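The residues making up each chain are set out below.
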There are 2 protein chains.
Amino acid sequence: MSEKPTLFTSLSPALLHLYDLTDAVVVIIDVFRATSTIASALYNGAQYVIPVDAVPAAIEIGKKVNGIAAGERDGKLAEGLSHGNSPLEYTPDFIGGKILVLTTTNGTKLLHMALANGAGDIVTGSFPNLSVVCNYLIHKKKNVVLACAGWKDRFNMEDTLFAGAVIHRVKEHFTIHCDSSFMAEGLYAQHKGHLLEFSKNFTHYHRLVNRFGYIDDIEFCLTEDIANVLPLYQDEKLIKG
Amino acid sequence: MSEKPTLFTSLSPALLHLYDLTDAVVVIIDVFRATSTIASALYNGAQYVIPVDAVPAAIEIGKKVNGIAAGERDGKLAEGLSHGNSPLEYTPDFIGGKILVLTTTNGTKLLHMALANGAGDIVTGSFPNLSVVCNYLIHKKKNVVLACAGWKDRFNMEDTLFAGAVIHRVKEHFTIHCDSSFMAEGLYAQHKGHLLEFSKNFTHYHRLVNRFGYIDDIEFCLTEDIANVLPLYQDEKLIKG
């Protein structure tokens, strides 16, 4: 019998309840752009990030901690917030030493859903911090659930591809009996050499690039290990682990 | 502006509510084995198939219509039913002229869920009746939702592959802005030449073949157009359309 821990991939927040999160490391994945932005902010010196699931709460908490209240709804700057959800906004000059209070359409909501489902060990993952997330999973030797944020509960390509990238690197350390994981890894293995080109087919690419012109964001969010830091959830904050 | 109807793929019953079924053709997909078995029974001369979502109801209705009450739970013959969910059981000699009352873990439940969500135009699809399903979708010129049954709300490979096979053949007739559909078609395009070999990696293959020895079923269920008939839902029955 194998003594390896299990690994599952949840392709949408609406499927998260199918997996046991209580004794697992849960990786929150929202590649475009919440979890890439969290990696960027921490890598560039933010004290920590407070993920918040609603805009009014982000504004209120932002004031209370004297932080930067930021975030988006439907891919654009949320009303009442002064900063958006672009990883490129959070340069060392701007974010160094500061607290980021972040709310987004899918990723920060999913993190709170994971908490509500009993998750006790949560990190956030994105291509910019791929390696450090993989190393964490390998060293923890616990069950893993890769939780894709998707778009309003729909499956999306970029989060699934990142799940596939993780599986591609860690699979020999886990027992994987999960079609979602098998599909995700196959997808990544087929397209890893040309992710940016491949992304032009994604619905989210159309939203971000054709509607808002965020091509530099897309490129950052698909670059492996460009902000290689581990965002670890502790005491309602994401800290550099 | 394009005047083409839309096509979406729902990867799990737990995602079905995200799609508008009211003005669409809904294709119920449960490749291993419900929708393959429905195609087989109708192709081999069954009068019609009554899909039922619970075992006791299948037994009761079977008696009432003097039909064959059949079905499975968790991949094996359901208690109280005399026939299972293998497409190979339903030969012309056995099923010709008879009524099949069928209940399964995922497929027949999904059909009733689609009805509850307002679907008015329902067919069932599987590799054995791929071409006739595609022709129906092209000629109806209505929006399409490809509804995968999965396994207890989890994503599975075989239903997604079939959705991909449909998309591969009909895509120029539809507006497709849906990552699930894009993924499914890519998966099918990559593996269409070796589906049986590829299926050895699926969780459902392990369940059906390693636990129950149903390798002949798997082969039938992955053979395109071997029972090329259209199961059309009308008046609580699936009839040959």
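See the structure printed just above.
The numbers attached to residues start from 1 for each chain and follow its sequence in the written order. Chain letters and ligand numbers both follow the written order, the letters beginning at A and the numbers at 1. Side-chain atom pairs in this predicted model are given and counted only at pLDDT of 80 or more, local residue features only at pLDDT of at least 70, and totals for whole chains, interfaces and linings cover all residues. Calculated side-chain values reflect all of the structure's heavy atoms, with hydrogen atoms and water omitted.

Draft legend 1. Main features of unusual backbone geometry. For the peptide bond that leads from A:F32 to A:R33, omega is 5°, which places it in the cis range. In this fold, A:R33 is placed in the loop between strand 2 (24-29) and helix 1 (34-43). Residue A:D235 is not a glycine yet carries a positive backbone phi of 50°. Partly exposed residues are those whose accessible area sits between 20% and 50% of the maximum for their type, while under 20% is buried and over 50% is exposed, using a 1.4 Å probe and protein chains only. Given the relative accessible area of 66%, A:D235 is considered exposed. Positive phi outside glycine occurs at B:K152, with the angle close to 50°. Helix and strand assignments follow DSSP, with helices taken as H or I runs no shorter than four residues and strands as E runs no shorter than two, numbered in order from the N terminus. The residue B:K152 is located in the loop between strand 8 (143-148) and helix 6 (157-170) in this model. According to the relative accessible area criterion, B:K152 is partly exposed, its value standing at 44%.

Draft legend 2. Up close: the interface of chain A and chain B. Two residues form a contact once any of their heavy atoms are found within 4.5 Å. In this assembly, 27 residues from chain A lie in contact with 27 residues from chain B. Roughly 2300 Å² is buried in total at the junction of chain A and chain B, and carbon and sulfur atoms are behind 66% of that figure. The largest share of the area that chain A buries against chain B comes from A:R154, A:D179 and A:F182, three residues that together contribute 28% of it. Every case where a carboxyl oxygen of Asp or Glu lies within 4 Å of a side-chain nitrogen of Lys or Arg is listed as a salt bridge. At the junction of chain A and chain B, the tally comes to zero salt bridges. Once two parts are joined, some of their accessible surface, as seen by a 1.4 Å probe, is lost; buried area is that loss totalled over both.

Draft legend 3. Geometry of the pairing of strand 3 (residues 48-51) of chain A. Residue and element names in this part refer to chain A. Of the two faces of strand 3, the one holding Y48 and I50 and the one holding V49 and P51 are both buried throughout. Should DSSP find at least two bridges between two strands, the strands are taken to pair. Of the pairings in the sheet, the one linking strand 3 to strand 6 (residues 99-103) comprises four bridges and is parallel in character. Bridging from a neighbouring strand, Y48 pairs with I99 of strand 6.

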